[in-house]
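Architecture and fold: a report
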Amino acid sequence: MILDTPPPPPRPAPSLARRAGAWLIRHHVLGSLAIVLFATAVISSQMVDRTDFASSELERGVMERWGAPVVQPAPSLRYVQSGTLFTELKPLPFAQQHVQVQAGMNYRKRGLRYFSGFDFTLSADYAAVNREGHDIDVAFIFPIEMDKSQVLLSDLSFLVDGAEADLDLGESGNRLVWTGRIPQGATRRFSIRYRARGLDSFLYKLDPTLPAHDVRLQLNVTGGENYDYPPQVLAASKVETGNGTVALDWAFQSLESGVNLGVILPSVEAYDELISTMARRAWVPFLGLMALLAAFSLHHRRPLAIYETYLLAAAYGFYFVLLAYLAAFMNFYVAYVLATAGMGAAVVLYARRLYPRERTSRLAAVWAATLVVPTTAVILQGYTGLVYTLEILAALLGLMALSTRAEVRALLSDLPPGGEPPRAPSSPQEAM
């Protein structure tokens with residue numbers, strides 16, 4: 001005789017925390033996330049170390065080989081009365097200082113950092129007026145403080161009243177010196193031209209102890225548009241930017257005391273910082289990738305094995321390592337395209353083997369949504385919020401469209417309460 005046994009009491013529904021934990025374990029999310037976090041943390045810390053290195057040892061190496069920030073002091077003019085003995089030279093303010101600088105950016109690439117190297121030509125015109133009641137003997141001194149290897153002395157020219165003058169660089173070779181006489185009421189004009197190269201910035205320093213009259217500095221730059229001002233520098237009176245050019249103009253009829261004029265030259269994006277930002281943010285879109293893979297597993301009723309999930313996570317994390325090293329040896333955008341397309345092809349082909357019935361275009365769209373879009377948002381820094389907003393909108397509209405499809409509704413209706421997989425019967429009576 002078979003005795004009827006009462007059915008087991010229903011088990012209480014698992015809590016939300018337990019269901020979430022079960023989902024994380026079933027789809028190997030925690031281990032995969034640990035792999036991505038490790039890879040991105042390593043490459044992000046490397047980028048920080050390289051940034052510190054680029055700001056110290058690497059920058060000093062570039063300065064030794066190429067040039068340093070350019071600081072050009074204004075010339076000085078000292079005088080005494082002609083034919084008299086003197087013990088001290090008196091300063092004479094210039095009646096005119098017109099300086100024009102034509103600079104062309106020549107960026108120096110070292111690893112992931114582009115230094116703002118530039119070639120420039122300086123043309124300066126000065127005028128001195130003798131307003132004394134007698135002739136004066138003057139000494140015109142033009143400092144050349146840059147390393148002589150950065151100044152092309154073969155192109156250094158010095159004119160006095162339009163005529164070639166001797167190039168006397170003094171005993172130490174760091175200044176151009178001219179001595180001569182200016183008759184009473186006369187004007188003497190000096191013109192200097194030289195070519196040189198520098199790094200990061202150009203600064204023109206007026207004499208802080210003397211008034212300045214009819215001062216003008218024109219600085220035209222090709223090869224970049226962004227610019228900034230060094231500390232304690234007077235901003236330009238007029239600025240014009242164009243397609244890869246920037247023109248700055250300082251013009252003052254009179255200044256009671258000398259000021260500093262100059263600019264920080266245009267720079268290229270710091271790609272080490274870009275890659276570091278991409279790596280730091282990568283864990284968020286990776287969780288989106290894991291959610292999409294879980295959706296594919298439910299759709300195809302084919303859960304991923306632990307090693308398959310970990311391989312996909314390793315490929316996702318390795319992408320940032322590959323991008324960093326490729327960008328160190330080639331143009332960043334070329335490296336970005338190669339790394340994104342190459343790793344994307346590998347991940348899509350592998351996922352295609354795991355889900356043979358899935359369309360390749362869908363798998364490629366998953367790679368684009370979880371890696372291409374987030375990294376593009378980092379590159380387009382001014383449009384980051386817009387890029388993320390459009391991606392979230394596209395995802396929301398896609399979910400709304402999927403929720404109306406019959407096969408999706410059928411799949412969701414087959415899921416047991418709480419999102420747990422169907423449980424096999426524990427006894428013949430439970431199976432009946």
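Presented here is a report on the structure given in the accompanying data block. (Residues numbered from 1 in each chain as written. Predicted model: local features only at pLDDT ≥ 70, side-chain atom pairs only at ≥ 80, totals over all residues. Heavy atoms only, no water.)

**As for the overall build of the protein chain**
A count of helical and extended segments in the protein chain gives eleven helices and 17 strands. Out of the 432 residues in the protein chain, the part that is buried amounts to 39%. Considering only intrachain contacts with a sequence separation of at least 6, the fraction spanning at least 24 residues in the protein chain is 75%. Only carbon and sulfur atoms are counted for the fraction: they give 60% of the accessible area of the protein chain, which is about 23,900 Å². (Helix = DSSP H or I, 4+ residues; strand = E, 2+ residues; numbered from the N terminus. Buried < 20%, exposed > 50% of the residue type's maximum accessible area, 1.4 Å probe, protein only. Contact = heavy atoms within 4.5 Å. Areas by Shrake-Rupley, 256 points an atom, 1.4 Å probe, with all protein chains shown as cover.)

**Section: helix 6 (residues 306-327)**
Along an α-helix, residues three or four positions apart point the same way, because every turn accommodates 3.6 residues. Look at helix 6: 32 Å from first C-alpha to last across 22 residues, which is about the 32 Å you get at 1.5 Å a residue. Largest kink in helix 6: about 25°, centred on Phe 318. What helix 6 keeps buried is the set Glu 308, Thr 309, Leu 312, Ala 313, Ala 315, Tyr 316, Gly 317, Tyr 319, Phe 320, Leu 323, Ala 324 and Ala 327. (Expected span 1.5 Å × (residues − 1). Bend = angle between axes of the 7 residues up to and from the residue.)

**A few points about the sheet that holds strand 17 (residues 260-264)**
A sheet is described by the order of its strands in space; here three strands give the open sequence 1-13-17, paired in mixed fashion. Pairing within the sheet leaves two strands with one partner each, and these edge strands are strand 1 (70-73) and strand 17. With direction set aside, neighbouring strand axes in the sheet form an average angle of 10°. Summarising the sheet, strand 1 and strand 13 (residues 201-205) pair through four bridges and their orientation is parallel. (Pairing = 2+ DSSP bridges. Axes fitted to C-alpha atoms, helices over the stretch in contact; angles between N-to-C directions.)

**Describing the nonpolar core**
In this structure, Phe 120, Phe 140 and Phe 202 are the most contacted members of the largest nonpolar core, which totals 49 residues. With six residues, strand 7 (residues 117-129) is the largest single contributor of residues to this core. Residues in contact with Phe 140, not counting those within four places in the same chain, are Pro 75, Ser 76, Leu 77, Phe 94, Tyr 126, Phe 158, Leu 176, Val 177, Trp 178, Phe 190 and Ile 192. (Core = buried A, V, L, I, M, F, W, Y, C linked by side-chain atoms within 4.5 Å.)

**Digging into the pattern of salt bridges**
Across all of its chains, the model carries six salt bridges by this definition. Between Asp 137 and Arg 181 there is a salt bridge whose closest N-O contact spans 2.9 Å. In this pair, Asp 137 sits in strand 8 (residues 136-143) while Arg 181 sits in strand 11 (residues 175-182), placing the two residues 44 residues apart along the sequence. By relative accessible area, Asp 137 is classed as partly exposed at 23%. (Salt bridge = Lys/Arg side-chain N within 4 Å of Asp/Glu carboxyl O.)

**Let's talk about the packing of helix 5 (residues 283-300) against helix 8 (residues 360-379)**
Close contact between helix 5 and helix 8 brings their axes to 9 Å; oriented N to C, the two are set at 170°. Comparing the axis directions of helix 5 and helix 8 gives the class roughly antiparallel. As for the relative orientation of helix 5 and helix 8, their crossing is right-handed in sense. Each of Pro 285, Gly 288, Leu 289, Leu 292 and Phe 296 in helix 5 lies in contact with helix 8, whose residues at this interface are Leu 363, Val 366, Thr 370 and Pro 374. (Parallel < 35°, antiparallel > 145°, perpendicular 65-115°, else oblique. Left-handed = near helix turned anticlockwise from the far one by under 90°.)

**What about the packing of helix 4 (residues 271-281) against helix 8?**
Where helix 4 meets helix 8, the closest approach of the two axes is 9 Å, and the angle between their N-to-C directions is 140°. Between helix 4 and helix 8, the angle falls in the class oblique. Read as a crossing pair, helix 4 and helix 8 show a hand that is right-handed. Residue-level inspection shows Leu 274, Thr 277, Met 278 and Arg 281 of helix 4 in contact with helix 8, the latter providing Thr 375, Val 378 and Ile 379. The residue makeup of the contact of helix 4 with helix 8, split by class, is four nonpolar, two polar and one charged. (Nonpolar A, V, L, I, M, F, W, Y, C, P; charged D, E, K, R; others polar.)

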